[in-house]
Amino acid sequence: MMRYLLDESGLPKAWYNIAADLPQPLPPVLHPGTMEPIGPDDLAPLFPLALIMQEVSTDREVEVPDPVREAYRLWRPTPLHRARRLEQALRTPAKIYYKYEGVSPAGSHKPNTAVPQAFYNKDAGITRLMTETGAGQWGSSLAFAGALFGVSVEVFMVRVSYDQKPYRRALMETYGARCVPSPSSETASGRAVLAERPDHPGSLGIAISEAVEIAAQRDDTKYALGSVLNHVLLHQTVIGLEAIAQLENAGDYPDVVIGCAGGGSNFAGLAFPFIGRQLRNGDRVRVVAVEPAACPSLTRGRYAYDFGDTGHLTPLVKMHTLGSRFTPPGFHAGGLRYHGMSPMVSHLAALGLIEARAYHQTPCFEAGVQFARTEGIVPAPEANHAVRAAIDEATRCREEGTSRTILFNLSGHGHFDMQAYTDYFAGRLQDMDYDEEELATALAGLPAVRE
């Protein structure tokens with residue numbers, strides 16, 4: 001069999017919260033003014049109470065509300081594939097599986113959290129959501145969820161991606177959202193950036209500042225984030241929970257679990273349920289987070305307290321960071337262009353429960369093309385990082401004469417990213433490196449926090 005399916009009864013009734021199984025608790029979130037741990041009231045201007053409580057919950061299971069499960073049924077449970085053709089092309093004894101999240105209406109894993117966030121905001125009486133997006137997968141997913149629940153959505157899209165990916169922008173507008181290139185003249189934080197550099201390519205940190213600034217100004221408006229935060233990663237665990245059940249049907253269990261990582265949501269969604277089983281039952285598994293070499297927060301960043309945004313409007317979280325003022329180059333995997341890694345993913349890295357590696361974009365696209373020509377699915381540029389790592393693991397199995405079971409998350413399709421593939425085939429896709437001097441400056445500007 002090449003595909004393992006669950007019927008609707010296999011859709012998880014609860015999300016998995018890894019905070020319940022951590023050997024050490026997550027470092028607290030700090031108020032930037034007092035440097036003291038924040039409370040629910042500090043987050044109330046940005047999020048509804050239900051999401052704030054999920055953010056701090058230590059319950060192992062958090063129930064999925066019925067309206068959210070009903071919406072999930074539009075595309076979940078998602079399929080688990082055995083990549084037999086890729087295995088044959090690689091001549092590897094390894095078994096390669098991938099969980100395919102590109103079957104969602106927006107084409108990626110992002111609706112897994114967009115739907116509950118829209119639901120909880122609607123339930124709290126909120127009529128407008130502000131957000132940011134890089135490549136546009138999150139923005140289009142929240143636009144889709146807003147349409148489902150009757151909540152208007154406005155999206156600040158990183159300028160370089162706004163220009164690179166017009167069809168993602170068109171998808172957001174089709175769902176009814178308003179999409180604005182960031183940095184923009186609509187906010188004080190955006191105008192400040194443009195005053196320094198009128199041609200600024202934008203960054204997720206800047207776009208977050210713009211969205212947060214507007215969300216905090218009106219009672220009927222809240223902010224929604226597509227990655228990084230605990231409640232976002234929580235919602236994504238439907239991926240790994242389904243994968244565990246599907247692998248049981250296949251009579252298998254992974255030796256290696258792989259996901260691309262920018263903010264951490266799709267990686268966490270697949271990996272956290274497996275890490276939880278290891279922490280509870282000793283079911284050991286290697287877990288690999290794969291990031292872009294041009295924005296390598298896990299492999300090059302510092303584990304320290306930092307702001308989640310460039311304008312310093314957000315609380316301080318402890319994470320692997322390149323510095324909130326860091327602007328990554330404009331490589332095509334826009335969803336991975338974020339200066340910091342999720343605090344929870346960073347914590348697991350600090351505990352030695354996950355490993356990380358970084359790739360440039362050219363070898364990732366090479367892997368994505370090989371995958372498309374064997375498996376028939378064109379991956380998103382972000383997902384190509386996971387494909388690259390899976391191929392490398394399988395190649396190592398061939399070289400060592402060892403059979404391992406490899407599982408990775410194919411977090412989305414690349415149908416809206418074909419310009420990137422066009423550039424690759426034309427030889428215009430260049431490997432980009434960050435500016436070492438800019439990184440040093442950004443790291444030198446980290447806030448002083450006494451721990």
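Residues numbered from 1 in each chain as written. Predicted model: local features only at pLDDT ≥ 70, side-chain atom pairs only at ≥ 80, totals over all residues. Heavy atoms only, no water.

Engineer: Would you take a moment to explain the pattern of salt bridges for this structure?
Structural biologist: Side-chain pairing between opposite charges can occur once the charged atoms of the two side chains come close. Taken as a whole, this structure holds 29 salt bridges when the rule is applied. Among the ionic pairs, arginine 218 bridges to aspartate 220, the shortest N-O distance being 2.9 Å. With a closest N to O distance of 3.6 Å, glutamate 393 and arginine 396 form a salt bridge. Here the residue glutamate 393 and the residue arginine 396 both occupy positions in helix H17 (residues 381-400), the gap between them amounting to three residues, near one helical turn. Glutamate 393 gets classed as buried once you look at its relative accessible area, which sits at 2%. With relative accessibility at 33%, the residue arginine 396 sits in the partly exposed group. Connected via shared salt-bridge partners are Arg286, Glu355, Arg357, Glu393, Arg396, Glu400 and Arg404. (Salt bridge = Lys/Arg side-chain N within 4 Å of Asp/Glu carboxyl O. Helix = DSSP H or I, 4+ residues; strand = E, 2+ residues; numbered from the N terminus. Buried < 20%, exposed > 50% of the residue type's maximum accessible area, 1.4 Å probe, protein only.)

Engineer: Is there a simple way to explain the state of the cysteines in this structure?
Structural biologist: Simply put, disulfide is the name for a covalent bond between the sulfur atoms of two cysteines. Inspection of every chain in the model, using the stated rule, returns zero disulfides. Left without a disulfide partner, cysteine 295 is nearest to the cysteine sulfur of cysteine 260, which lies 13 Å away. Cysteine 397 takes part in no disulfide bond, and the closest cysteine sulfur, belonging to cysteine 364, lies 19 Å away. (Disulfide = S-S within 2.5 Å.)

Engineer: Just to check I follow, could you spell out helix H10 (residues 204-215) for this structure?
Structural biologist: Helical geometry: 3.6 residues make up each α-helical turn, so side chains three or four residues apart lie on a common side. A rise of 1.5 Å per residue sets the reference length of H10, with its twelve residues, at 16 Å; its end C-alpha atoms lie 16 Å apart and thus fit the reference within 8%. Counting buried positions along H10 yields twelve of twelve residues, so the element is predominantly enclosed. Residues of H10 that are buried include every one of Leu204, Gly205, Ile206, Ala207, Ile208, Ser209, Glu210, Ala211, Val212, Glu213, Ile214 and Ala215, and no others. Buried-residue contacts for H10 involve strand S6 (128-133), strand S7 (152-158), strand S8 (178-182), helix H9 (188-196) and strand S9 (221-223). (Expected span 1.5 Å × (residues − 1). Contact = heavy atoms within 4.5 Å.)

Engineer: Mind showing me how you'd approach the sheet that holds S8 here?
Structural biologist: Backbone-to-backbone hydrogen bonds join strands into a sheet, with any given pair of strands oriented parallel or antiparallel. The four strands are arranged S8-S7-S6-S9 in an open sheet whose pairing can be described as parallel. Where the open sheet ends on each side, the last strands, each with one partner, are S8 and S9. For this sheet, the mean inter-axis angle between neighbouring strands, taken without regard to orientation, is 25 degrees. Sheet topology note: the S7/S8 ladder contains five bridges and is parallel. (Pairing = 2+ DSSP bridges. Axes fitted to C-alpha atoms, helices over the stretch in contact; angles between N-to-C directions.)

Engineer: Is there a simple way to think about the pairing of strand S15 (residues 405-410) in this case?
Structural biologist: Successive side chains on a regular strand alternate, one facing one side of the sheet and the next facing the other. Counting buried positions over the six residues of S15 gives six, a clear majority of the element. Side chains Thr405, Leu407 and Asn409 of S15 all project onto a buried face; the interleaved residues Ile406, Phe408 and Leu410 project onto the opposite face, where all are buried too. Relative to S15, strand S5 (residues 95-100) runs parallel, the two being bridged by six bridges. Residue pairing across strands places tyrosine 100 opposite leucine 410, the latter belonging to S15.

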